[in-house]
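Working through the structure, step by step
Next come the chains, spelled out residue by residue.
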Amino acid sequence: QVQLVESGGGLVQFGGSLRLSCSASGRTFSSYGMGWFRQAPGKEREFVAAITRNSGSTNYADFVKGRFTISRDNAKNTVYLQMNSLKPEDTAVYYCNADRPMFGINNWGRGTQVTVSS
């Protein structure tokens, strides 16, 4: 299993940018599909973006397409979420997820707060 630590959250103005990072422990990072989810106050956690093990494929929620970019560096055991053109509705706690379904493994980080002011 991997342990995940998110960073890079903070307060940003409408239209601004942030880059989130998620660092993973262990030597099997490249075996995991990685994703970002978010949870706003009073709402359920929702999918934001995902990337396959070798970065061959990415997937995005409709509400972030064209604004957010997920990427990973397997040599650094890190996945990133570049967030541009941020909106107040993007305010949420952002969570990193590591998934290895063949082994029944699915791990979460503790999250990082992103707040977008209008």
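Conventions adopted
- Residues numbered from 1 in each chain as written.
- Predicted model: local features only at pLDDT ≥ 70, side-chain atom pairs only at ≥ 80, totals over all residues.
- Heavy atoms only, no water.
- Phe/Tyr/Trp six-rings, centres within 6.5 Å; stacked < 30°, edge-to-face > 60°.
- Helix = DSSP H or I, 4+ residues; strand = E, 2+ residues; numbered from the N terminus.
- Buried < 20%, exposed > 50% of the residue type's maximum accessible area, 1.4 Å probe, protein only.
- Lys NZ or Arg CZ within 6 Å of the ring centre and 35° of its normal.
- Disulfide = S-S within 2.5 Å.

1. Side note on the packing of aromatic side chains
- Within the structure shown, the criterion is met by two aromatic pairs.
- Both rings, one in phenylalanine 37 and one in phenylalanine 47, keep their centres 5.6 Å apart while their planes meet at 75°; by these two values the pair is edge-to-face. You can see phenylalanine 37 sitting in strand E4 (residues 33–39) and its partner phenylalanine 47 sitting in strand E5 (residues 46–51), a full 10 residues away along the chain.
- For phenylalanine 47, a relative accessible area of 27% gives the class partly exposed.
- Taken together, a centroid distance of 4.9 Å and an interplanar angle of 70° make the contact between phenylalanine 37 and tryptophan 108 edge-to-face. Placement of the pair is phenylalanine 37 in strand E4 and tryptophan 108 in strand E10 (residues 105–108), with a sequence separation of 71 residues.
- Judged by relative accessible area, tryptophan 108 falls into the partly exposed class, the value being 38%.
- The rings of Phe37, Phe47 and Trp108 are connected pair by pair, giving a single aromatic cluster.
- The residue whose ring lies beneath arginine 72 is phenylalanine 29, and the NZ or CZ to ring-centre distance is 4.5 Å.

2. Description of the state of the cysteines
- The full count for this structure, using the stated rule, is one disulfide.
- Paired through a disulfide, cysteine 22 and cysteine 96 show a sulfur-sulfur distance of 2.1 Å. Residues cysteine 22 and cysteine 96 are joined through a disulfide that is left-handed, its torsion about the S-S bond being -85°. A residue pair is termed long-range when its members are at least 10 positions apart, and cysteine 22 in strand E3 (residues 18–24) and cysteine 96 in strand E9 (residues 92–100) qualify at 74 residues.
- For cysteine 22, a relative accessible area of 0% corresponds to the buried category.

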